[in-house]
Amino acid sequence: SDSTFRRYWFKAFADTPAQYVIRLKIEEACRLLVETKMKVSEIAHASGFNDELYFYRRFKIETGFTALAYRQRHQYPLSFIS
């Protein structure tokens, strides 16, 4: 049942199921920002967000950075990787 699921969920995780899903989507977006050259709008859709504006707002809330600022801060120069 729904109540049993929630009871077990909260024993295992601190977040609600919805918060957990958002966190997974943001983690995927962070990975794509660092590892690819995809546009931010493409990353929003690839990480499971249907609304780009919601992605931009949620990303800033969760990470403290805009997506572009996150990319600039965490992406290694190509010469460093080679």
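Refer to the structure above for everything that follows.
This is a predicted model, so every value here is computed, not measured. (Residues numbered from 1 in each chain as written. Predicted model: local features only at pLDDT ≥ 70, side-chain atom pairs only at ≥ 80, totals over all residues. Heavy atoms only, no water.)

(A) Structural detail: the overall build of the protein chain. Within the protein chain, the secondary structure is distributed over six helices and zero strands. Tracing the protein chain from N to C terminus, the helices and strands come up as α-α-α-α-α-α. Scaling as 2.2 N^0.38, a compact globule of 82 residues should have a C-alpha radius of gyration of about 12 Å, whereas the protein chain reaches 15 Å, well beyond that. Taking the principal axes of the C-alpha coordinates as reference, the protein chain spans close to 50 × 25 × 20 Å. Burial statistics for the protein chain: of 82 residues in total, 21% are counted as buried. Sequence separation of 24 or more characterises 43% of the internal contacts of the protein chain that already satisfy a separation of 6 or more. Split by element, the accessible area of the protein chain, about 6,000 Å² in all, is 57% carbon and sulfur. (Helix = DSSP H or I, 4+ residues; strand = E, 2+ residues; numbered from the N terminus. Rg over C-alpha atoms; globule rule 2.2 N^0.38 Å. Buried < 20%, exposed > 50% of the residue type's maximum accessible area, 1.4 Å probe, protein only. Contact = heavy atoms within 4.5 Å. Areas by Shrake-Rupley, 256 points an atom, 1.4 Å probe, with all protein chains shown as cover.)

(B) Region of interest: the pattern of salt bridges. Under the counting rule described, the total for this entry stands at six salt bridges. Across the salt bridge formed by Arg 31 and Glu 35, the nearest N and O atoms sit 2.8 Å from each other. Within this pair, Arg 31 and its partner Glu 35 are both found in helix α2 (residues 17-35), separated by four residues, close to a single helical turn. Judged by relative accessible area, Arg 31 falls into the partly exposed class, the value being 36%. Linking Glu 62 and Arg 58 is a salt bridge whose minimum nitrogen-to-oxygen distance equals 2.5 Å. One end of the pair is Glu 62 and the other is Arg 58, both in helix α4 (residues 52-63) and four residues apart, which spans about a single turn. Residue Arg 58 is classed as partly exposed on the basis of its relative accessible area, which comes to 23%. (Salt bridge = Lys/Arg side-chain N within 4 Å of Asp/Glu carboxyl O.)

(C) Fine view of the nonpolar core. Ile 26, Leu 33, Ile 43, Phe 55, Phe 59 and Ala 67 are the most contacted members of the largest nonpolar core, which has 14 residues in total. At the level of secondary structure, the elements contributing two or more residues to this core comprise α2, α3 (40-46), α4 and α5 (67-74). For this core, the element with the highest residue contribution is α2, accounting for six residues. Every residue in contact with Phe 55, bar those within four places of it in the chain, is listed here: Ala 29, Val 40, Ile 43, Ala 44, Ser 47, Phe 49 and Ala 67. (Core = buried A, V, L, I, M, F, W, Y, C linked by side-chain atoms within 4.5 Å.)

(D) Looking closely at the packing of α2 against α4. Where α2 meets α4, the axes come as close as 10 Å, and the angle between the chain directions of the two elements is 95°. Classified by the angle their axes make, α2 and α4 are roughly perpendicular. When α2 is examined against α4, the residues Ile 22, Ile 26, Ala 29, Cys 30 and Leu 33 are found in contact with a partner set consisting of Tyr 54, Phe 55, Arg 58, Phe 59, Glu 62 and Thr 63. The class makeup of the residues in the contact of α2 with α4 is eight nonpolar, one polar and two charged. (Axes fitted to C-alpha atoms, helices over the stretch in contact; angles between N-to-C directions. Parallel < 35°, antiparallel > 145°, perpendicular 65-115°, else oblique. Nonpolar A, V, L, I, M, F, W, Y, C, P; charged D, E, K, R; others polar.)

Honestly, that's just the spatial picture; any functional story needs more than this.
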